[in-house]
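Topology and contacts: notes
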Amino acid sequence: MASFAWGLVTGFFTYETTKSVVVKSWSVGIINRIVQLLIITYFVGWVFIHEKAYQLTDTGIESSVMTKIKGFGYQHNRVMDVADYVFPPQGSAIFCIMTKIIITENQFQGFCPESSDNFNCDTDENCTQFLGSILSNGVITGKCLKSFNKSLGRCEIEGWCPAENDQVKINPMLAVENFTIFIKNSIRFPLFNVTRGNFPTTMTSAEIRSCSYHPVSNPYCPIFRVGDVLKDIGHNVSKLAEQGGEIGINIEWKCNLDRDIEYCVPKYFFTKLDAPFAKNPISKGYNFRFAKYFKTENGTEFRTLHKAYAIRFDVLVTGNAGKFSTIPTLINLVAAFTSVGLGSVLCDVILLNCLKGAEQYKAKKFEEVSEAQIEAYLTPSPGSQLSLRPGVKSSYDSGAISLSPSY
């Protein structure tokens, strides 16, 4: 029992190393070095330099956006200012510039005929099919209303009358291309407690009022001309002003905090967010309705309905910040060193399956032990060639043969 325990102890405190087979082959050696070079180039060029895998990254950006619009235009023979065409007026990250408005004035609650040709009728039975319709301007009553000089009538609705007619021709406000958008964006990376703004702190108020954003000559100006934004995404103002649309202003922050903090600056990109629906005949552009309510002297409520076609702007803030950290550096270094060994795996596949000397390489790389050899080893005969020489003992933990000096 004591000898068995001692054998376990001595077997545990031994060192084993792998057996190496040196193959002198130009083709395999060149393949091995090329694969290793590609792996090293990938980790150095892409992982460490481009992706900066040695850095700890903060993607939880905190952001606040404030916007202001300036400009004047004409609609319905009157001058439109910011209070008339910007909705909502709070100056948030999502806002609309109304370019065309269809106005239906003096609407009272009551009964009146529909305005759309889709609700034409001859008899009351023609209107019963529209009961419960959500496409009308009010609740369909089921009656067909005819005037004294018309043989064709319209279905009656209950709601705000007269019903809205949105098929009237209104010229859009094309002056929108000269409007300017001021964007004030502040961000924070909580992991590093870094706070930045989207224009330099050294920029004076006079410089801000006079500048206009340009991606090359003035990339840090926070004032954007609407016409320049539309030109950047390849659209003209006349089509967007007629039907409306959705524009994305993306503020991207990518900050390398290993450099000076002044290099942490934003980049601006513009996109047409409703581009996937451009070829769809249903619900093109962007529009919405709102109403202004009034009361007569006797207390009866009435309203003015507005159907507005608008260019909607969404200010989207994205980004991340990175700074050197020991842990991700060590993790990626270990991954790089481990991946270099893939060259050996590929060369083994080639040697074992593709070259003429594959069988010889297999014989050198792998040692096969049969059950007869194991039994002969366990019960050796005095003259057997399978018996071990003096000074040679077996390691019980892995089956490898280890050498120890004899005294």
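Presented here is a report on the structure given in the accompanying data block. (Residues numbered from 1 in each chain as written. Predicted model: local features only at pLDDT ≥ 70, side-chain atom pairs only at ≥ 80, totals over all residues. Heavy atoms only, no water.)

1. A look at the overall build of the protein
What counts here: Each helix is a run of H or I in the DSSP string that is no shorter than four residues. Each strand is a run of E no shorter than two, and both are numbered from the N terminus. Put simply, the radius of gyration uses C-alpha atoms, and a globule should come to 2.2 Å times the residue count raised to 0.38. Partly exposed residues are those whose accessible area sits between 20% and 50% of the maximum for their type, while under 20% is buried and over 50% is exposed, using a 1.4 Å probe and protein chains only. We call two residues in contact when some of their heavy atoms are within 4.5 Å. Using a 1.4 Å probe, the Shrake-Rupley method yields the accessible areas, and only the shown protein chains count as cover for residues. Within this scheme the basic residues Lys and Arg register as positive and the acidic residues Asp and Glu register as negative, but His and the chain ends are omitted. Taken as the charge location is NZ of Lys, CZ of Arg, CG of Asp or CD of Glu.
Across its full length, the protein carries 11 helices and 18 strands. For a compact globule of 407 residues, the expected C-alpha radius of gyration is about 22 Å, and the protein comes in at 40 Å, more than 25% above that figure. Viewed in the frame of its principal axes, the protein has a C-alpha envelope of about 130 × 65 × 50 Å. Relative to its 407 residues, the protein shows a buried fraction of 32%. Considering only contacts in the protein between residues 6 or more positions apart, those separated by 24 or more positions represent 68%. Surface accessibility of the protein: about 26,800 Å² in total, with carbon and sulfur atoms responsible for 58%. In the protein, which carries 39 positive and 37 negative side-chain charges, the distance between the mean positions of the two groups comes to 6 Å.

2. Examining the state of the cysteines
To keep it simple, the criterion reads: The term disulfide is used for any two cysteine sulfur atoms that are within 2.5 Å.
Under the defined criterion, the tally for this structure stands at 5 disulfides. Here Cys 112 connects covalently by a disulfide to Cys 161, the sulfurs 2.1 Å from one another. Classification of the bridge connecting Cys 112 and Cys 161 rests on its S-S torsion, roughly -80°, and on that basis the disulfide is left-handed. Separated by 49 residues along the polypeptide, Cys 112 in strand 6 (residues 94–113) and Cys 161 in strand 9 (residues 153–161) bring together distant segments of the chain. Exposure class is identical for Cys 112 and Cys 161. Each is buried. The disulfide bridge from Cys 121 ends at Cys 144, spanning 2.0 Å between sulfur atoms. As the torsion about the S-S bond is roughly 95°, the Cys 121-Cys 144 disulfide counts as right-handed.

3. Side note on the pattern of salt bridges
How we decide: Salt bridge criterion: a side-chain nitrogen from Lys or Arg within 4 Å of a carboxyl oxygen from Asp or Glu.
Scanning all chains against the criterion turns up 10 salt bridges. Across the salt bridge formed by Glu 164 and Arg 289, the nearest N and O atoms sit 2.9 Å from each other. Taken together, the positions of Glu 164 in the loop between strand 9 and strand 10 (180–189) and Arg 289 in strand 15 (residues 287–295) put the pair 125 residues apart, joining distant regions of the chain. In this structure, Glu 262 and Arg 196 form a salt bridge, with 3.8 Å as the shortest nitrogen-oxygen distance. Placement of the pair is Glu 262 in the loop between strand 13 (245–256) and strand 14 (266–272) and Arg 196 in strand 11 (residues 194–197), with a sequence separation of 66 residues. One network of salt bridges, in which partners are shared, links Glu 164, Asp 166, Arg 289 and Lys 307.

4. Some words on the packing of aromatic side chains
To keep it simple, the criterion reads: Stacked, tilted and edge-to-face pairs are distinguished by plane angle, under 30 degrees for stacked and over 60 for edge-to-face with tilted covering the rest, among Phe, Tyr and Trp rings (Trp via its six-membered ring) whose centres lie within 6.5 Å. A ring is considered to have a charge above it if a Lys NZ or an Arg CZ atom is located within 6 Å of its centre and within 35 degrees of its normal.
Enumeration according to the criterion identifies 18 aromatic pairs in this entry. Ring geometry for Tyr 54 against Phe 324: centres 6.4 Å apart, planes inclined by 40°, an arrangement best described as tilted. In this pair, Tyr 54 sits in the loop between helix 2 (26–50) and strand 1 (55–58) while Phe 324 sits in strand 16 (residues 301–324), placing the two residues 270 residues apart along the sequence. When the ring of Phe 87 is compared with that of Phe 290, the centres are 6.1 Å apart and the planes differ by 10°; the resulting orientation is stacked. In this pair, Phe 87 is assigned in strand 5 (residues 86–87) and Phe 290 in strand 15, connecting sequence segments 203 residues apart. With a relative accessible area of 38%, Phe 87 lands in the partly exposed category. Take Phe 290: its relative accessible area is 21%, and that puts it in the partly exposed class. Site record: aromatic cluster; members linked through ring pairs are Phe 87, Tyr 286, Phe 288 and Phe 290. A cation over a ring is seen here: Lys 100 above Tyr 309, with NZ or CZ 4.4 Å from the ring centre. The side chain of Arg 259 reaches across the aromatic face of Tyr 263, ending 4.2 Å from its centre.

5. Observations concerning the nonpolar core
Among soluble globular proteins, nonpolar side chains are generally buried collectively. To keep it simple, the criterion reads: Buried Ala, Val, Leu, Ile, Met, Phe, Trp, Tyr and Cys residues that are joined via side-chain atoms within 4.5 Å together make up what is termed a nonpolar core.
One finds Tyr 85, Ile 97 and Phe 313 to be the most contacted residues of the largest nonpolar core, which totals 45 residues. At 6 residues, the largest contribution of residues to this core is made by strand 16. The contact partners of Phe 313, leaving out residues within four places of it in the chain, are Ala 93, Ile 94, Phe 95, Ile 97, Ile 181, Val 226, Ile 247 and Ile 249. Core analysis: the next-biggest nonpolar cluster, separate from the first, contains 11 residues, Phe 119, Cys 121, Cys 127 and Cys 161 among them.

6. With respect to the pairing of strand 9
Condition: Paired strands are those between which DSSP finds at least two bridges.
Judged by how many residues are buried, strand 9 sits mostly within the fold: 7 of 9 residues are covered. For strand 7 (residues 120–121) and strand 9, the ladder comprises 2 bridges, and the chain directions are antiparallel. Across the sheet, Cys 121 pairs through a bridge with Gly 153, a residue of strand 9. As defined by bridge partners, strand 8 (residues 139–145) adjoins strand 9 across 4 bridges and the pair is classed as antiparallel.

That's the geometry; what it means functionally is another story.
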